[in-house]
Amino acid sequence: MEEKVIICKNLTKKFGDFVAVDNISFEVNKGEIFGFLGANGAGKTTAMRMLCGLSFPTSGEAAVAGFNVYRQQQMIKRNIGYMSQKFSLYEDLTVLENIRFYGGVYGVPGEIIKSRSIELVEKLGLQQEAGKKTGGLPLGWKQKLAFSVAIFHQPKIVFLDEPTGGVDPVTRRQFWDMIYEAAASGITVFVTTHYMDEAEYCNRITIMVDGRIEALDTPRQLKAQFGANSIEDVFYQLARGAKRSAD
Amino acid sequence: MKQLLVFIRKEFYHVFRDRRTLLIMFGIPIAQILLFGFALTSDVKNAEIIIADHAQDINTGQITAKIKASTYFLVKEANINTNDIEAAFKKGGLKCVVIFPSRFGADLLHNGKAQVQIIADGSDPNTAKTLTNYLTAIITDYQLQISAATALPYSIVPETRMLYNENANGSLNFVPGVLALVLMIVCTALTSVAVVREKESGTMEILLVSPFKPVMVLIAKAIPFLALSIAIFTLILLLSVYVLDVPIKGSISLLYIESILFIITCLSLGLLISNTTNSQQTALLLSMMGMMMPTLIFTGFMFPLENMPRIFQVISNIVPARWYFLIVKAVMLKGLGFEYVWKETLVLAGMTAVLLAIALKNFKTRLS
Amino acid sequence: MKAVTLKNITKTYDKGKVLAVDDVTLQIDRGELFGLIGPDGAGKTSVFRILTTVLLADKGSASVDGFDVVKDYQSIRRRIGYMPGKFSLYQDLTVKENLGFFATLFGTTIEENYALIKDIYEQIEPFKNRRAGKLSGGMKQKLALCCALIHKPEVLFLDEPTTGVDAVSRREFWEMLKRLKQQGITILVSTPYMDEAVLCERIALMQNGKIMSVNTPQHIIATYPVPLYAVKSGNIYKLLNDLRKSELVESSFAFGEYLHVTLKNNDAAGAGNLRNHIAAQGHTNIEVSVMAPTIEDSFIRLTNKKQGSFAQA
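Computed from a predicted structure; not experimentally measured.

Participant: I'm lost on the interface of chain C and chain B in this one. Help?
Facilitator: Bring the parts together and some accessible area is lost; that lost area is often taken as the interface size. Between chain C and chain B, the contact holds 31 residues from the first and 27 residues from the second. Looking only at chain C, the three residues that lose the most surface to chain B are Arg77(C), Tyr90(C) and Leu105(C), adding up to 23% of its buried area. Counting the contacts that link chain C with chain B gives two salt bridges. Glu205(B) is the salt-bridge partner of Arg49(C), the closest N and O atoms lying 3.0 Å from each other. Linking chain C with chain B are 10 residue pairs in polar contact (both at pLDDT 80 or more). Contributions of two or more residues to the side of chain C that touches chain B are made by α2 (73-79), β6 (80-83) and α3 (95-105) of chain C. At five residues, the largest contribution of residues to the side of chain C that touches chain B is made by α3(C). Each residue belonging to the side of chain C that touches chain B can be placed in one class, and the counts come to 17 nonpolar, seven polar and seven charged.

Participant: I would appreciate a short explanation of the side chain of Asp297(C) in the present structure.
Facilitator: When you line up the elements, Asp297(C) lands in helix α10 (residues 295-306). No salt bridge forms around the buried Asp297(C); measuring N to O, its nearest opposite-charge neighbour Arg173(A) is 6.4 Å away. Filtering out sequence-adjacent residues up to four positions away, Asp297(C) remains in contact with Tyr224(C), Leu228(C), Phe255(C), His260(C) and Met291(C).

Participant: Got a minute to help me understand the side chain of Arg170(C) in this structure?
Facilitator: Among the structural elements, Arg170(C) can be located in helix α6 (residues 167-182). At 2.9 Å, the side chain of Arg170(C) forms a polar contact with the side chain of Glu196(C). Excluding anything up to four places from it in sequence, Arg170(C) contacts His194(A), Thr162(C), Val165(C), Tyr193(C), Asp195(C) and Glu196(C).

Participant: Where do I start with the interface of chain A and chain C in this structure?
Facilitator: At the interface, 34 residues of chain A touch 36 residues of chain C. In this assembly, chain A packs against chain C so that about 2900 Å² is buried in total across both faces, 55% of it on carbon and sulfur atoms. Run the count over chain A and chain C and you get eight salt bridges. Where Glu257(C) meets Lys223(A), a salt bridge forms, and the shortest distance between an N and an O atom there is 3.1 Å. For the side of chain A that touches chain C, the elements supplying multiple residues, two or more each, are α6 (169-184), α7 (196-199), α8 (219-226) and α9 (231-239) of chain A. Tallying contributions element by element places α6(A) first for the side of chain A that touches chain C, with nine residues. Along the lines of polarity and charge, the residues of the side of chain A that touches chain C split into 14 nonpolar, seven polar and 13 charged.

Participant: Sorry, what's going on with a nonpolar patch on the surface here?
Facilitator: Residues and elements named next belong to chain B. There is a patch of nonpolar side chains on the surface, built from Val 215, Ile 219, Ile 223, Ile 264, Leu 356 and Leu 360 and spanning about 380 Å² of accessible area. Those elements giving two or more residues to the nonpolar patch turn out to be α9 (214-242) and α14 (338-362). Of the residues forming the nonpolar patch, the biggest block, three residues, is contributed by α9. Residue placement: Val 215 occurs in helix α9.

Participant: I keep staring at the pairing of strand β8 (residues 186-191) of chain C and nothing clicks. Help me out?
Facilitator: The two faces of a sheet get side chains in turn, since along a regular strand they alternate between them. Residues and elements named next belong to chain C. Buried residues dominate β8, accounting for six of its six residues. Side-chain alternation along β8 places Thr 186, Leu 188 and Ser 190 on one buried face and Ile 187, Val 189 and Thr 191 on a second face that is also buried. Pairing of strand β3 (residues 33-37) with β8 involves five bridges; the strand directions are parallel. The residue of β8 that forms the bridge with Leu 36 is Ser 190. Sheet analysis places strand β7 (residues 155-159) next to β8, joined by five bridges and oriented parallel. Counted as the bridge partner of Leu 156 is Ile 187 from β8. The parallel pair β7 and β8 is bridged by α6, and the resulting crossover is right-handed.

Definitions and limits used
- Residues numbered from 1 in each chain as written.
- Chains lettered and ligands numbered in written order.
- Predicted model: local features only at pLDDT ≥ 70, side-chain atom pairs only at ≥ 80, totals over all residues.
- Heavy atoms only, no water.
- Contact = heavy atoms within 4.5 Å.
- Buried area = accessible area lost by both parts, 1.4 Å probe.
- Salt bridge = Lys/Arg side-chain N within 4 Å of Asp/Glu carboxyl O.
- Polar contact = N/O pair within 3.5 Å; in protein donor to acceptor, adjacent residues only side chain to side chain.
- Helix = DSSP H or I, 4+ residues; strand = E, 2+ residues; numbered from the N terminus.
- Nonpolar A, V, L, I, M, F, W, Y, C, P; charged D, E, K, R; others polar.
- Buried < 20%, exposed > 50% of the residue type's maximum accessible area, 1.4 Å probe, protein only.
- Lys, Arg positive; Asp, Glu negative; His and termini not counted.
- Patch = residues over 30% accessible without salt bridge, like charges linked within 9 Å, V, L, I, M, F, W, Y side chains within 5 Å.
- Areas by Shrake-Rupley, 256 points an atom, 1.4 Å probe, with all protein chains shown as cover.
- Pairing = 2+ DSSP bridges.
- Right-handed = clockwise from strand over helix to strand, strands pointing away.

Here you go:
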């Protein structure tokens, strides 16, 4: 039996009368790339916040990296990495300063930060830019750097919130190469995206509609199940009927 | 024309739907007036004063006792030398010095007339004025008392002097000062923010692309703030007359006309700022720091201009609020007519014309 | 007369340090649905701003509906509809107030051109008294389109209208565009989503300020120069690394479930050789088949050609 790094059971989050996340249950295996899709307002962000230990569920149970989302939020935060399209790096800090800062925040020992940041800069081919402010880097490089920083402390799980928005296709491929590599090294990847073709990179995907999970399987199985050519078609079939579309 | 009206209506929607802006616009004047009004003119208690009694006679003893009996003062007796007074003030804490000349009692007895010198720290004009008023009142009271007892017309002349700020301006100055300050904040800061907000939200691009004349965008933005500023001006006047008992001695219509001129100056400044920045934060910082600080420092309502180094006095001439401050003081507090303020008005009008011209000229019909 | 022309347009920022648009020449016909496809930073927005007359080019000339973007900018401004990328409407005004405001601004009324926006407006009409800030992404986008259309423009400029919008709303949006096209409006739309390219009649692929290719999406796909193989095995990450090291392989990129692979030798035996090669590496569940390229494949190939290499990422 495979190791489960995220176990989610009847997880619900209500804001007053509004049920943002409605009784969702799923499990994510170690080293899996798990895609999390949904229309705007389907409840993706709320679900992700609960799993990251940023907000308490209203009811239900969930364990992330073996820690309880109600009682061990601090431990969860120590064992996950997070990256989003909107917030990634400090643009007025240099590449190295960003790496050191995040390494420090996650309590990576100074010696390791030093050696690992040199390795990282080499791996990304950023030797020339290491001392430059990240604000001036092309978007694709920023996103790759941001991802590397998010997994710098070698977390058990990394949460990626629309990591590739607006990035050019070549860089997008390179970005996914990095995701594959992280997954191969045992890091579980939990990713949301608006690019439906990206969903097909994932080992398994779930599609959320109106706070509920309407589908969860491998891309291939889902396409077969819905008689669709692409995940986009599957998504369209499911999400078209969505009642709510508030952000 | 219809476009302009619709635009102006939209601006009012923005203002009335943004609680924060409304709070700034109407909260600041009220807070400022009350703050300055009550904090600066509140009663003085236990002010440290020195009584230098060079006469040491019955009369000076009786006056000193009267002063000591008052809760306003914390009296120290010392034979302070005239030359040491300034040093004593500089040490801090000391608010006022009362000096009886050595022949005080003798003069009063033989000539029926004596002098007493009161020196106050004029750098805090409100306190200084209050203290000298109290002291003068105590001395006058004593004079009446001895005159009544002997039926002879004794006269004690308190000679009051302000150290650092001879004219002791300041007691009523904060009303014109707050007027200048608040109009500056509302017109300059809020106008610039309102324009820059359109840039941030991307709507400015649409406005530019529309057939609506770009300059009309500025005018449409400015008009609601002009109207609101007049409302705020009225609010401040009402507060100062009915809450602080500061009377309006001059012509109210002249006051309004001058204020509208100053409001237009501020609006032009706001538009000028909005032309040069692209983010609301920068616009706000620029208006607050670039405009408020000079207004506070160089109008002379917080710190007397007369005591500033020459260079600052020269700089103060280019601060529009300074001229407005002079006008309001003359019209509102002294009751003077237009014939006394036409020079200041002309300066202000000239500044407005220049600022407005630069603002309109610099307003880009394109993005960069 | 062309609806839009650009001739040798160049635009730099920061006193020439940043080259945003690099010598772009382009013509768009009347009534065309034209797509400008490229990632962030490709120069799409600069081109849009130059055409909508809010930005001046450093070099070159451009016209919209026959008018010069510099000399006749006021005439152009009356004839175009524009939805900027970051356009967020007035969040504190209601749907109806926003629409009414833009109608008046362009010297018209909602009623006058209602027929044009009817289809779209009916979808947001139930929320007409709601403030724009409280609408969902898809709704906002529909409202913004209504605002851009209300004065019945000749040419419609939509700068990344579908960025950050979910797949369902995106598809609906493109259906709206198709219907608008039938009304004879020329539409110039930009997008970073390569899969949207096939929804346009003609597209320009843009990267680093340059246009790499202009044609119909079908033509661009058809002229992909070499056979493209979709390859898969039980361990996709190992497969990717193995293929990149392989002598046979020219390029290899992950595309969802499959790897898209081109070979150095494009003879008939290609697929067979590739399969044998992969099998020799110890892979299981191998699939190799020739596939039709996508616009994204073309884009990647063009990007790499421009950079003078087929370096494997």
